Structures are given as structure tokens and as C-alpha cells.
Amino acid sequence: MSDTESVSKASLAAAPKIWRHTIQANPAAAVAFVNRAPAQQAGEAVFANRPDGQVDVYYFL
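Remember, predicted model here, so these are calculated numbers, not experimental data. Each chain has its residues counted from 1, running along the sequence as written. Local features are withheld for residues below a pLDDT of 70 in this predicted model, meaning they are given only at 70 or higher, and side-chain atom pairs are given and counted only at 80 or more; totals for whole chains, interfaces and linings count all residues. Water and hydrogen atoms play no part in the side-chain values, which are based on all heavy atoms of the structure.

Turning our attention to the overall build of the protein. A tally of helices and strands in the protein yields 2 helices and 3 strands. Think of it this way: any DSSP run of H or I at least four residues long counts as a helix, any run of E at least two long counts as a strand, and we number them from the N terminus. In sequence order, the protein lays out its α and β elements as α-β-α-β-β. Computation of the radius of gyration draws on C-alpha atoms, with the globule rule given as 2.2 Å multiplied by the number of residues to the power 0.38. The globule rule puts the C-alpha radius of gyration for 61 residues at 10 Å, and the 11 Å found for the protein is close to it. Each principal axis of the C-alpha atoms in the protein carries an extent, and together these give about 35 × 25 × 15 Å. Counting the 61 residues in the protein, one finds 30% classified as buried. Two residues qualify as a contact provided that any one of their heavy atoms is within 4.5 Å of a heavy atom in the partner residue. The contacts in the protein between residues at least 6 apart in sequence include a share of 59% that link residues at least 24 apart. Each residue is placed in one exposure class: buried if its accessible area under a 1.4 Å probe, protein chains only, is under 20% of its type's maximum, exposed if it is over 50%, and partly exposed if it falls in between.

Mapped onto the elements of the fold, Ile23 is located in strand β1 (residues 19–24). Accessibility expressed as a relative area gives 17% for Ile23, which makes it buried. Along the primary structure Ile23 and Val57 are separated by 34 residues, whereas in three dimensions their C-alpha atoms are 6.0 Å apart.

Averaged over every residue, the pLDDT of the protein is 87; the share at 70 or more is 90%. When pLDDT is averaged over each element of the protein, strand β2 (residues 45–49) comes out on top at 97 and helix α1 (residues 9–12) at the bottom at 76. Summary of the metric used: pLDDT quantifies the predictor's per-residue confidence within the range 0 to 100.

Here the focus is the sheet that holds strand β3 (residues 55–60). Only when DSSP finds a minimum of two bridges between them are two strands counted as paired. Strands sit in the order β1-β3-β2 across an open sheet of 3 strands; the sheet is antiparallel. At either end of the open sheet lies a strand with only one pairing partner, and these are β1 and β2. Pairs of neighbouring strands in the sheet enclose a mean axial angle of 20 degrees, with direction left out of account. Sitting on the sheet, helix α2 (residues 27–35) touches β1, β2 and β3, and the angle it makes with β3 is about 15 degrees. Lines are fitted to the C-alpha atoms to define the axes, a helix being fitted only along its stretch in contact, and any angle between axes, read from their N-to-C directions, falls within 0 to 180 degrees.

Before going further, it helps to spend a moment on the pattern of salt bridges. Whenever a carboxyl oxygen of Asp or Glu lies within 4 Å of a side-chain nitrogen of Lys or Arg, that contact is scored as a salt bridge. Enumeration according to the criterion identifies 2 salt bridges in this entry. Glu44 is the salt-bridge partner of Lys17, the closest N and O atoms lying 3.1 Å from each other. Here the residue Lys17 occupies a position in the loop between α1 and β1, and Glu44 occupies one in the loop between α2 and β2, the gap between them amounting to 27 residues. Residue class for Lys17 comes out partly exposed when judged on its relative accessible area of 47%. Residue Arg50 is joined to Asp56 by a salt bridge in which the shortest nitrogen-to-oxygen separation is 3.0 Å. A residue is classified by how much of its surface remains accessible, and Arg50, at 30% relative accessible area, is partly exposed. Among the residues examined, Asp56 registers a relative accessible area of 10% and is labelled buried.

As C-alpha cells, this is what we get:
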């Protein structure tokens, strides 16, 4: 579980930009997460597949 799951992306956008991490259930959920407002720009998200089918998402926000 991520430390940012209980905090919305919109509220994090007001803070200084840093790399953050979340775990999403599958690739579709990971894509939906980074496209949620405020959507990430090119180079601001990195995905890594996990052996259990979940996806690590590192995003700059």
C-alpha cells in the first residue's frame, strides 16, 4: 500500500514536485491513475510490472 493512496493527486500538486510511488492493481488502473487530474506529462511517470500482476507507478508530482 502506498503512502499516497489516502491523499488525492490534486492536493499533492500544491506541494513541491518530488518522485512519488503507488501500487496499482493492473496496467489499466496504472494508466488511469497517471491520467487523473492533474495528468502527468511526458517523462513524469514510470511503470514496473510486478510478478503478482500489480504495477508499481513512480510519478513526478
